Amino acid sequence: MNSSRPTLLTLDSLRNQLICQEYKLAKADCSYLTMNRSVTLAMFAWLVLASLPMQAFSQNESSHPCLSASAIQIQQVLQAPFEQSFESQSLELMLDNIAAAYSVPIWCDRRIARDTMISMDQRDETLGSFLSRAIDKVDAVLIPFDGFVMVVPSAKRDEIEANCWRLAVSPIAKKMRPASSKPFGWPDGSVALSVIQEFSTRYAPDANLEFKIEHDIWRKFEFRKTSSPASISACLLSGFDLCLADQKGVLAVMPSQPADPNVVWTYSSEEIEKKIGPVAWKEWRAQWPSASISRSAKPAGWRVTATVTAHRDLIRPLIPKKKWEEPKVEQKSFTGPVEGQLESVLPYLAANAKLEFFPLPLPEKQKSIQIKMILKNTPLDEILKEITKQSGVQFKRQGNRVEILP
């Protein structure tokens, strides 16, 4: 065998299929009547007064932070079937693979130990259940936002959700620029402060915001166009224990420590009695005994004070069911013998696994180190560990970028 070139290296096949759902909003037609001025004004006043109760109801459901079209779509993705297993794979890589297969961005809080090796058995469950089981190993939980999923430390969930909810329903949120046709994102190796400042310039150019955060370097990430500024800000700032808040009509950067994690929403009688249903309502009240519930007169219904997680659980019956064809999640594993000099093995591995090794070229003393492995459905991270064992060369992988450590 020629020792300067590796032999067989086989990447498992990948097939992804995702059925997407479209949401279409049709604007109602308007007609205008030309009448005597006094009659017109009287009719206009009557119509405004008569429409107030209906406006209160229609705005109630459509402006609920968990019931936007993009928030509903993410909750539907988490209801998709998932019956796969993972063997000895880093949490970061597993999340990357699932994000790619389901076409859903997954933001992982900077405090999560993403290099933790995860092994997951196969079960008949949903994607949300699988992810919850996986990240429970690092004491983390899922938060479904509008257009993406967030993985956060368990102890931080309620405060992160409460901060985001309060900003989303505040008057100041309407003054922030809405999502544009261009998604918000950044390339690999971006400085966190620069990303946050760019966010401020794009969505809150009139606000005088000052961010004092630790130096951090971030991986490439891109939010969907439908993600709101409030939810994006939760991702960018919560890892530094900060948030954006409405301070008497002024957008401000605040410590992320709300005195009360509960938020308030009023649900109409029709929502509770017909859409959610009396059985689900009763079960929800039993499951969330700490929630505060009181009668509301305008609009007629129920005023609920609870955590955002509890509110999301309450509106679960309002999420339309969707049929899924389960995508195949890519798991980069390899089979076959690998033998050759390190300077040839790394480029060949990079080409087959779509990796980027840096910095290159290798130092002279490392180039000729001999590598010999017999692989059988071996995960990529395990291959890198074996190369380290044989050569002494250390690697640090972030997604598809692999840093060769000095």
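Before reading on, note that the structure itself is shown above.
Residues numbered from 1 in each chain as written. Predicted model: local features only at pLDDT ≥ 70, side-chain atom pairs only at ≥ 80, totals over all residues. Heavy atoms only, no water.

Visitor: Please clarify how the pairing of strand β16 (residues 292-296) should be interpreted in this entry.
Guide: In summary, the side chains of a regular strand alternate between the two faces of the sheet. One ladder, built from five bridges, connects β16 with strand β17 (residues 301-306); its direction is antiparallel. Paired with S292 across the strands is T305, a residue of β17. Adjacent in sequence and paired antiparallel, β16 and β17 are bridged by four residues. (Pairing = 2+ DSSP bridges. Helix = DSSP H or I, 4+ residues; strand = E, 2+ residues; numbered from the N terminus.)

Visitor: I tried to follow the environment of L193 on my own but got confused; where do I start?
Guide: As for its position among the elements, L193 is in helix α7 (residues 192-203). As a C-alpha pair, L193 and F211 span 18 residues in sequence and 7.5 Å in three-dimensional space. Leave out the neighbours within four places in its chain, and L193 touches F211 and I213. (Contact = heavy atoms within 4.5 Å.)

Visitor: In this structure, what is going on with the sheet that holds strand β19 (residues 356-358)? I would like to understand it.
Guide: Through backbone hydrogen bonds, the strands of a sheet pair up, either in parallel or in antiparallel fashion. Spatial strand order, β19-β22-β21: three strands in an open sheet with mixed pairing. Taken across any chain shown, the strands that pair with only one partner, and hence form the sheet edges, are β19 and β21 (394-398). Strand-to-strand, the axes of this sheet are offset by a mean angle of 25 degrees, without reference to chain direction. Where β21 meets strand β22 (residues 401-405), five bridges bridge the pair, whose relative direction is antiparallel. (Axes fitted to C-alpha atoms, helices over the stretch in contact; angles between N-to-C directions.)

Visitor: Mind showing me how you'd approach the side chain of S391 here?
Guide: The residue S391 is located in helix α14 (residues 380-391) in this model. With a relative accessible area of 16%, S391 lands in the buried category. Of note is the side chain of S391, whose polar atom sits 2.6 Å from the backbone oxygen of I387. Not counting residues up to four positions away in its chain, the partners in contact with S391 are L342, I369 and I371. (Buried < 20%, exposed > 50% of the residue type's maximum accessible area, 1.4 Å probe, protein only. Polar contact = N/O pair within 3.5 Å; in protein donor to acceptor, adjacent residues only side chain to side chain.)

Visitor: How should I be thinking about the packing of aromatic side chains in this particular structure?
Guide: By convention here, two paired aromatic rings are described through the distance between centres and the angle between planes. One pass over the structure, following the stated rule, counts 22 aromatic pairs. Their ring planes at 35 degrees and their centres at 6.3 Å tell us that F82 and Y102 sit as a pair that is tilted. On the criterion of sequence distance, the pair formed by F82 in strand β2 (residues 81-82) and Y102 in helix α3 (residues 91-102) is long-range, its members being 20 residues apart. By the burial criterion, F82 is buried, and Y102 matches it. Note on W107 and F223: the rings are 6.2 Å apart at their centroids and 25 degrees apart in plane angle, and the pair reads as stacked. Taken together, the residues W107 in strand β4 (residues 106-108) and F223 in the loop between β12 (221-222) and α8 (229-238) connect sequence positions 116 residues apart. As far as the burial class goes, W107 and F223 line up, both buried. In this structure an aromatic cluster arises from ring pairing among W107, F145, F148, F184, W186, F199, Y203, W218, F221, F223 and F240. It is R285 that lies over the ring of W302; its NZ or CZ is 5.7 Å from the centre. (Phe/Tyr/Trp six-rings, centres within 6.5 Å; stacked < 30°, edge-to-face > 60°. Lys NZ or Arg CZ within 6 Å of the ring centre and 35° of its normal.)

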